Amino acid sequence: FFDPLGFAEKADEKTLKRYREAEVTHGRVAMLAAVGFLVGEAVEGSSFLFDAQITGPAITHFLQVPDGWDALIVGFIAAAETQRVQIGWVDPKDASYDQPGLLKDDYYPGDIGFDPLGIKPEDPEELDLMITRELQNGRLAMLAAAGFLAQEAVDGKGILEHFSS
């Protein structure tokens, strides 16, 4: 596998499992972010949310959310993360001090049991293929989201504005 900086050489199996958990999680967030950039800018001014008052580049949208909503959003994220931690991580009181963030032995990185559409394959080979695709799409989305952030920060224009001009 691709590891140009040699992180895997210096890591044991438990550490690699934590790396994979981080990669899957960041990839999922980045996939949502990449779609959010495009959709948020596409519906600008026509959304029923917040009286369609949120405008400009997507990197400024969260700052325009009315007071109180940001706390609700952060609370939702905290609840989701708490659930994920309870599913995948060993309770700190049961882990050694020199193994912070220890994942449970029976936990597969990223598998929190959330599959409302029933798309998780039963066949192990198909599951491996799906996991690989998710990782690759997540890596691409991380690059895309970083590019969107950088472009909007540099010139202050929304991503979709670049396609229309």
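Preceding this section is the structure that the text describes.
The structure reproduced in this document is the subject of the present report.

Rules of the game
Residues numbered from 1 in each chain as written. Predicted model: local features only at pLDDT ≥ 70, side-chain atom pairs only at ≥ 80, totals over all residues. Heavy atoms only, no water. Helix = DSSP H or I, 4+ residues; strand = E, 2+ residues; numbered from the N terminus. Rg over C-alpha atoms; globule rule 2.2 N^0.38 Å. Contact = heavy atoms within 4.5 Å. Areas by Shrake-Rupley, 256 points an atom, 1.4 Å probe, with all protein chains shown as cover. Lys, Arg positive; Asp, Glu negative; His and termini not counted. Charge placed at Lys NZ, Arg CZ, Asp CG, Glu CD. Axes fitted to C-alpha atoms, helices over the stretch in contact; angles between N-to-C directions. Parallel < 35°, antiparallel > 145°, perpendicular 65-115°, else oblique. Left-handed = near helix turned anticlockwise from the far one by under 90°. Nonpolar A, V, L, I, M, F, W, Y, C, P; charged D, E, K, R; others polar. 1 Å grid on protein atoms, 1.4 Å probe; cavity = no way out; pocket = protein on both sides within 12 Å on 5 of 7 lines; lining within 4 Å. Points joined across faces, edges and corners; volume = space filled by probe spheres on them. Patch = residues over 30% accessible without salt bridge, like charges linked within 9 Å, V, L, I, M, F, W, Y side chains within 5 Å. Salt bridge = Lys/Arg side-chain N within 4 Å of Asp/Glu carboxyl O. Expected span 1.5 Å × (residues − 1). Buried < 20%, exposed > 50% of the residue type's maximum accessible area, 1.4 Å probe, protein only. Phe/Tyr/Trp six-rings, centres within 6.5 Å; stacked < 30°, edge-to-face > 60°.

Focus on the overall build of the protein chain
Turning to step 1, where the next piece is worked out: Scanning the protein chain from terminus to terminus reveals five helices and zero strands.
Turning to step 2, where the next piece is worked out: Taken from the N to the C terminus, the helices and strands of the protein chain come in the order α-α-α-α-α.
Turning to step 3, where the next piece is worked out: Compactness check: the protein chain gives a C-alpha radius of gyration of 19 Å against a globular reference of 15 Å for 165 residues, more than 25% above the reference.
Turning to step 4, where the next piece is worked out: Along the longest, intermediate and shortest principal axes, the C-alpha atoms of the protein chain span 50 × 35 × 35 Å.
Turning to step 5, where the next piece is worked out: Long-range contacts, defined here as pairs at least 24 residues apart, represent 54% of the contacts in the protein chain between residues at least 6 apart.
Turning to step 6, where the next piece is worked out: Element-wise, carbon and sulfur atoms account for 63% of the exposed surface of the protein chain, whose accessible area totals about 12000 Å².
Turning to step 7, where the next piece is worked out: Taking the 13 positively charged and 28 negatively charged side chains of the protein chain as two groups, their mean positions are separated by 6 Å.

Description of the packing of helix H1 (residues 13-42) against helix H4 (residues 124-155)
Packed helices, taken two at a time, are described by the angle their axes make and the gap between the axes.
Turning to step 1, where the next piece is worked out: Closest axis-to-axis distance for the H1/H4 pair is 7 Å, and the angle between their directions is 50°. The orientation of H1 with respect to H4, classified from their angle, is oblique. Read as a crossing pair, H1 and H4 show a hand that is left-handed.
Turning to step 2, where the next piece is worked out: Within the contact of H1 with H4, the residues separate by chemical class into 13 nonpolar, four polar and seven charged.

Description of the layout of surface pockets
Turning to step 1, where the next piece is worked out: When its volume is computed, the largest pocket comes out at roughly 2100 Å³.
Turning to step 2, where the next piece is worked out: In terms of lining residues, the largest pocket is bounded by 50 residues, among which Arg28, Val29, Met31, Leu32 and Ala33 are the most central.
Turning to step 3, where the next piece is worked out: Secondary structure elements with two or more residues in the lining of the largest pocket: H1, helix H2 (61-64), helix H3 (69-88) and H4.
Turning to step 4, where the next piece is worked out: By residue number, the principal contributor to the lining of the largest pocket is H1, which donates 13 residues.
Turning to step 5, where the next piece is worked out: Of the residues in the lining of the largest pocket, the class split is 32 nonpolar, eight polar and 10 charged.

Describing a negative patch on the surface
Turning to step 1, where the next piece is worked out: On the surface, Asp12, Glu13, Asp105 and Asp106 cluster together into a patch of negative charge.
Turning to step 2, where the next piece is worked out: Locating Asp12 in the fold gives a position in the segment before H1.

Some words on H4
Turning to step 1, where the next piece is worked out: The terminal C-alpha atoms of H4, which comprises 32 residues, lie 46 Å apart, in line with the 46 Å expected from a rise of 1.5 Å per residue.
Turning to step 2, where the next piece is worked out: Among the structural elements, H1 and helix H5 (159-164) are those in contact with the buried residues of H4.
Turning to step 3, where the next piece is worked out: Positive phi appears at Gly156, one or two residues downstream of H4, with a value of about 70°.

Notes on the pattern of salt bridges
Turning to step 1, where the next piece is worked out: Enumeration over the complete set of coordinates arrives at seven salt bridges.
Turning to step 2, where the next piece is worked out: Ionic pairing is found between Glu23 and Arg139, a salt bridge with its closest N-O pair at 2.5 Å. Linking Glu23 in helix H1 with Arg139 in helix H4, this pair joins segments that are 116 residues apart in sequence.
Turning to step 3, where the next piece is worked out: We classify Glu23 as partly exposed; its relative accessible area is 21%.
Turning to step 4, where the next piece is worked out: Overlapping salt bridges, with partners in common, bring together Arg20, Glu23 and Arg139 in one network.

Remarks on the packing of aromatic side chains
Turning to step 1, where the next piece is worked out: Evaluated as defined, the whole model comprises three aromatic pairs.
Turning to step 2, where the next piece is worked out: Ring geometry for Phe7 and Tyr19: centres 6.3 Å apart, planes at 75°, overall edge-to-face. Here the residue Phe7 occupies a position in the segment before H1, and Tyr19 occupies one in helix H1, the gap between them amounting to 12 residues.
Turning to step 3, where the next piece is worked out: What makes Phe7 partly exposed here is its relative accessible area of 46%.
Turning to step 4, where the next piece is worked out: Plain terms: the ring middles of Trp89 and Tyr107 are 6.4 Å apart, the flat faces sit at 40° to each other, and that makes the pair tilted. One end of the pair, Trp89, is in the loop between H3 and H4; the other, Tyr107, is in the loop between H3 and H4, with 18 residues separating them in the sequence. Across this residue pair, the class does not change: Trp89 and Tyr107 are buried.

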